[in-house]
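Now for the letters of each chain:
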Amino acid sequence: MCFPKCPLIFGFYYNLESVKEIKLFNLGAYFINRYRELFDTLFKKFLSVRISHTKITLLFTLLHGIGLTVLYIYVVLIAFQGKITVGEVAMYFSIVGSLQATFWNLTLKIGNLTGSTIEFHTLSSFFELAPTVKTGESAQAFSHINRTIEFRNVSFRYPGRENTVFSDISFSVNAGETLAIVGENGAGKTTLIKLLCRFYDPTAGQIFIDDVPLHQYHLESLRQKIAPVFQDFSHFFLTAGENIGIGNVEQVNNESAVIQAAKQGQADTVVSQLSDGYETLLGRHFDGGSDLSGGEWQRIAISRAFMRDAQILILDEPTAALDAESEYALFQRFKTLTQGVTTLLISHRFSTVRMADRILVIDEGKILEEGTHEQLMNKGGRYATLYRMQSEKYR
Ligand code: ADP
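Each value, and the rule that gives it
Residues numbered from 1 in each chain as written. Predicted model: local features only at pLDDT ≥ 70, side-chain atom pairs only at ≥ 80, totals over all residues. Heavy atoms only, no water. Helix = DSSP H or I, 4+ residues; strand = E, 2+ residues; numbered from the N terminus. Rg over C-alpha atoms; globule rule 2.2 N^0.38 Å. Contact = heavy atoms within 4.5 Å. Areas by Shrake-Rupley, 256 points an atom, 1.4 Å probe, with all protein chains shown as cover. Lys, Arg positive; Asp, Glu negative; His and termini not counted. Charge placed at Lys NZ, Arg CZ, Asp CG, Glu CD. Near = heavy atom within 4 Å. Polar contact = N/O pair within 3.5 Å; in protein donor to acceptor, adjacent residues only side chain to side chain. Nonpolar A, V, L, I, M, F, W, Y, C, P; charged D, E, K, R; others polar. Phe/Tyr/Trp six-rings, centres within 6.5 Å; stacked < 30°, edge-to-face > 60°. Patch = residues over 30% accessible without salt bridge, like charges linked within 9 Å, V, L, I, M, F, W, Y side chains within 5 Å. Salt bridge = Lys/Arg side-chain N within 4 Å of Asp/Glu carboxyl O. Pairing = 2+ DSSP bridges. Axes fitted to C-alpha atoms, helices over the stretch in contact; angles between N-to-C directions. Core = buried A, V, L, I, M, F, W, Y, C linked by side-chain atoms within 4.5 Å. Buried < 20%, exposed > 50% of the residue type's maximum accessible area, 1.4 Å probe, protein only. Domains from an automatic or database assignment. pLDDT = per-residue confidence, 0-100. Expected span 1.5 Å × (residues − 1).

### Details of the overall build of the protein
Stage number 1. For the protein, the count of helices and strands is 14 helices and ten strands.
Stage number 2. Its C-alpha radius of gyration of 32 Å places the protein more than 25% over the 21 Å reference for a compact globule of 395 residues.
Stage number 3. With the principal axes as the frame, the protein shows a C-alpha extent of 115 × 50 × 45 Å.
Stage number 4. Counting contacts in the protein only where the partners sit at least 6 residues apart, residues at least 24 apart contribute 67% of the total.
Stage number 5. Summed over all atoms, the accessible surface of the protein reaches about 24,000 Å², with 57% contributed by carbon and sulfur.
Stage number 6. Each charge sign in the protein was given a centre, from 37 positive and 40 negative side chains, and these centres are 6 Å apart.

Shown next as structure tokens:
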């Protein structure tokens, strides 16, 4: 079936971000053709189902018609033979008429029921999808990290994929430490974060917090203590206040908490320029909404993370749209504001990475190097080469 392609086709209608590229790459006709092709394919499938349905309905209608005709003829014949009176003929005709209506209704209902059963089957198989990540039995609530987060002999392969992202990797992060993860695109940096957030479980090995396997913590309590800022953070078409407040949904209406988070993430200056302040609807999806620039949305997303009373801060290239200087300043700020919070940082900027307490260099599913900035520079390996290459570029 080609349903999975539908979002690709329909997506561009609703996605304002695509407009620039659709216009400049002149993609209008291309997408319209793709839409037509998809429509034709779906229409053919729809038609074939309808034709077989119509054939069955025709058969039933024919049988129904023959049955009725036989009945009418029979009533007329016995009337001619004088076995029934004219009044009885009228009565039989009326009985046959209502029988016909009942039978016809029944046929329609059975048709509808068959259609609904097919749809309901799809819906119920969707509802029956069980989460693959579960909280273990006798799980405990997660509240804080005392000692370490530890990846012990972890291997991972995405469901349905043949290649493993990691094989047998082990490392740990101390409580309150900032660990930067460095590696080429596709090396598996974000996947490490996804495993820590338990979007997936490792295919082998385990992740521990204070020697307790991750699945022995209640999933919700664990996630509640993680504050993430991703590069591809969400733009919610809600008010500015809600966009920040949903970082801790229970506090979404807590005005002072929202204002404080906005200050910490520097979204307060963005909000102060909006016509209705925190009440301003963001995005152009709805009438009256105000759109923000990439950097402004980023500040909103960063402030959202500050709504949390987090134990683990995840910064997965959250500042990719900022220049190196602003990124550096922002991380300094993060460091001061998140004292004592265990931080995992992914960035391609070595000026930022060097601020971390420790750095992990990953390559082809393995840990290539691990240490402080100074240790790795003295080692003169991959990190040192990449660091020097980047510093020369910015000299
Ligand atoms: P990085 O963050 O270092 O750029 P990722 O962790 O995003 O790398 O990706 C590591 C590898 O896993 C890549 O080969 C990528 O194609 C693959 N990958 C990432 N997400 C998925 C997914 N949801 N399903 C299948 N493969 C994925």
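Next comes the rest of the write-up.
### Some details on the site of the ligand
Stage number 1. Contacts to the ligand come from 13 residues, most closely from Gly186, Gly188, Lys189, Thr190 and Thr191.
Stage number 2. In this structure, Thr191 approaches the ligand through a side-chain N or O atom, which is 2.4 Å from an oxygen atom.
Stage number 3. In isolation the ligand has 570 Å² of accessible area, and contact with the protein removes 66% of it.
Stage number 4. The class makeup of the residues in the shell around the ligand is four nonpolar, five polar and four charged.

### Examining the packing of aromatic side chains
Stage number 1. Taken as a whole and judged by the stated rule, the model has 15 aromatic pairs.
Stage number 2. Between Tyr72 and Phe93 the ring centres are 4.8 Å apart and the planes differ by 80°, which places this aromatic pair in the edge-to-face class. You can see Tyr72 sitting in helix H3 (residues 28-80) and its partner Phe93 sitting in helix H4 (residues 86-127), a full 21 residues away along the chain.
Stage number 3. Plain terms: the ring middles of Phe350 and Tyr387 are 6.2 Å apart, the flat faces sit at 85° to each other, and that makes the pair edge-to-face. Of this pair, Phe350 sits in helix H12 (residues 350-353) while Tyr387 sits in helix H14 (residues 382-393), and the two are 37 residues apart along the sequence.

### With respect to a nonpolar patch on the surface
Stage number 1. On the surface, a nonpolar cluster with roughly 660 Å² of combined accessible area is contributed by Val76, Phe80, Met91, Tyr92, Phe93, Ile95 and Leu99.
Stage number 2. Looking at the nonpolar patch, the elements that each hand over two or more residues are H3 and H4.
Stage number 3. Considering each element in turn, the nonpolar patch owes the most residues, five residues, to H4.
Stage number 4. Relative to the helices and strands, Ile95 resides in helix H4.

### Looking at the side chain of Ser347
Stage number 1. Following the sequence through the fold, Ser347 ends up in the loop between strand E8 (342-346) and H12.
Stage number 2. At 2.9 Å, the side chain of Ser347 forms a polar contact with the backbone nitrogen of Arg349.
Stage number 3. Once residues within four sequence positions are removed from consideration, Ser347 is found in contact with Ile181, Glu317, Glu327, Thr352 and Val353.

### Brief notes about the sheet that holds strand E5 (residues 212-213)
Stage number 1. The four strands are arranged E2-E1-E4-E5 in an open sheet whose pairing can be described as antiparallel. The sheet is open, and its two edges are formed by strand E2 (166-174) and E5, each paired on a single side.
Stage number 2. As judged from the six bridges shared by strand E1 (residues 148-156) and E2, these two strands associate in the antiparallel manner. When the bridges of E2 are listed, Ile149 appears paired with Val173.
Stage number 3. Helix-sheet contacts for helix H5 (residues 189-196) involve E1, E2 and strand E4 (204-209), and the interaxial angle to E1 is about 115°.

### Looking at the nonpolar core
Stage number 1. Ranked by size, the top nonpolar core spans 42 residues in total, and within it Ile244, Phe334, Ile359 and Tyr383 carry the most contacts.
Stage number 2. Tallying contributions element by element places helix H10 (residues 294-306) first for this core, with six residues.
Stage number 3. Leave out the neighbours within four places in its chain, and Tyr383 touches Phe350, Val353, Arg354, Ile359, Val361, Glu369, His373, Leu376 and Met377.
Stage number 4. Ranked by size, the runner-up nonpolar core spans 33 residues in total, among them Ile169, Ile209, Val212 and Ile346.

### Considerations on H5
Stage number 1. Of all the eight residues making up H5, six are buried; the element is thus mostly covered by neighbouring parts of the structure.
Stage number 2. Where H5 is concerned, the buried positions are Lys189, Thr191, Leu192, Ile193, Leu195 and Leu196.
Stage number 3. Of the residues one or two after H5, Arg198 is the one with positive phi, at around 60°.

### Brief notes about the environment of Lys335
Stage number 1. Relative to the elements of secondary structure, Lys335 occurs in helix H11 (residues 324-337).
Stage number 2. Separated by 20 residues in the primary sequence, Lys335 and Met355 have C-alpha atoms spaced 9.0 Å apart.
Stage number 3. In contact with Lys335, other than residues within four places in its own chain, are Thr178, Met355 and Asp357.

### Some words on the environment of Pro202
Stage number 1. With respect to the element layout, Pro202 can be found in the loop between H5 and E4.
Stage number 2. Separated by 49 residues in sequence, Pro202 and Asn153 have C-alpha atoms that sit 9.6 Å apart.
Stage number 3. Apart from residues no more than four positions distant in its own chain, Pro202 is found in contact with Val154, Ser155, Phe156, Leu195 and Ile207.

### A word on the domain arrangement of the protein
Stage number 1. Domain annotation for the protein reports domain 1 (6-127) and domain 2 (148-392).
Stage number 2. Between domain 1 and domain 2, the C-alpha centre-to-centre distance is 52 Å.

### Some thoughts on the confidence of the model for the protein
Any region with low pLDDT has predicted coordinates that should not be read closely.
Stage number 1. For the protein, mean pLDDT is 86; residues scoring 70 or higher make up 93% of the total.
Stage number 2. Mean pLDDT across the secondary structure elements of the protein bottoms out at helix H1 (residues 6-14), with 47, and peaks at E1, with 97.

### Examining H10
Stage number 1. With 13 residues, H10 should cover 18 Å at 1.5 Å per step; its first-to-last C-alpha distance of 19 Å lies within 8% of that length.
Stage number 2. Along H10, the residues that are buried comprise Trp297, Gln298, Ile300, Ala301, Ile302, Ser303, Arg304, Ala305 and Phe306.
Stage number 3. The inward-facing, buried residues of H10 abut strand E6 (226-230), helix H7 (240-245), helix H8 (255-264), helix H9 (268-272) and H11.

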